[in-house]
Amino acid sequence: KLKYTIKHVGINNQDEDEAQATAQTLCALFGLEISQETPTAIFAGEIFEVMKHSRRGVHGHVAIQTDDVEAAMADLQTKGITFQEDTIRRDEAGKIRFVYLEQQVAGFAFHLTT
């Protein structure tokens, strides 16, 4: 049986300034530290990916972790889910390790990841 867990929640913001403020608020509320910053996001601990834009999902995204992304894709396809092929990332062996679902739920995009 496949195991799905939440890896992090991505929160959309309009720009970098708003993202910085959101990340600082989340850190203060939950006793977190900024763990990583990229050109597109700031991580508040390992829980929140505070986006510097609002490109995916109305509100943001939910990262779903699974041991086998390809098996999870096959499972979800049986439930009518399709995937954004242009978001697929592969590991060195060519196995899919990341992909966004086409469908949103309650204004959130979802992606599978290892």
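Up top you'll find the structure we're talking about.
This is a predicted model, so every value here is computed, not measured. (Residues numbered from 1 in each chain as written. Predicted model: local features only at pLDDT ≥ 70, side-chain atom pairs only at ≥ 80, totals over all residues. Heavy atoms only, no water.)

This part covers the sheet that holds strand S1 (residues 5-11). Within the open sheet, the eight strands sit side by side as S2-S3-S4-S1-S5-S8-S7-S6. Their pairing is mixed. Each edge of the open sheet carries a strand with a single partner, namely strand S2 (34-37) and strand S6 (89-90). Here strand S7 (residues 96-100) runs beside strand S8 (residues 108-113); their pairing, made up of three bridges, is antiparallel. From the neighbouring strand, Val 99 faces S8, where its bridge partner is Leu 112. Across the sheet, helix H1 (residues 16-30) lies against S1, S2, strand S3 (41-44) and strand S4 (48-51), angled at about 155° from S4, the strand it touches most. Against the sheet, helix H2 (residues 69-77) touches S6, S7 and S8, its axis set at about 40° to S7. (Pairing = 2+ DSSP bridges. Helix = DSSP H or I, 4+ residues; strand = E, 2+ residues; numbered from the N terminus. Contact = heavy atoms within 4.5 Å. Axes fitted to C-alpha atoms, helices over the stretch in contact; angles between N-to-C directions.)

All right, on to unusual backbone geometry then. If you check the backbone angles, Ala 106 has positive phi at about 55° while not being a glycine. With respect to the element layout, Ala 106 can be found in the loop between S7 and S8.

Moving on, we come to the nonpolar core. Within the largest apolar cluster, 13 residues are counted, with the highest numbers of intra-cluster contacts made by Val 69, Met 73, Leu 76, Phe 83, Val 99, Leu 101 and Leu 112. Taken together, the elements giving at least two residues each to this core come down to strand S5 (60-65), H2, S7 and S8. At four residues, the largest contribution of residues to this core is made by H2. Excluding anything up to four places from it in sequence, Val 99 contacts Val 69, Met 73, Phe 83, Gln 84, Thr 87, Ile 88, Phe 110, His 111 and Leu 112. Within the second largest apolar cluster, nine residues are counted, among which are Leu 26, Leu 32, Ile 42 and Phe 48. (Core = buried A, V, L, I, M, F, W, Y, C linked by side-chain atoms within 4.5 Å. Buried < 20%, exposed > 50% of the residue type's maximum accessible area, 1.4 Å probe, protein only.)

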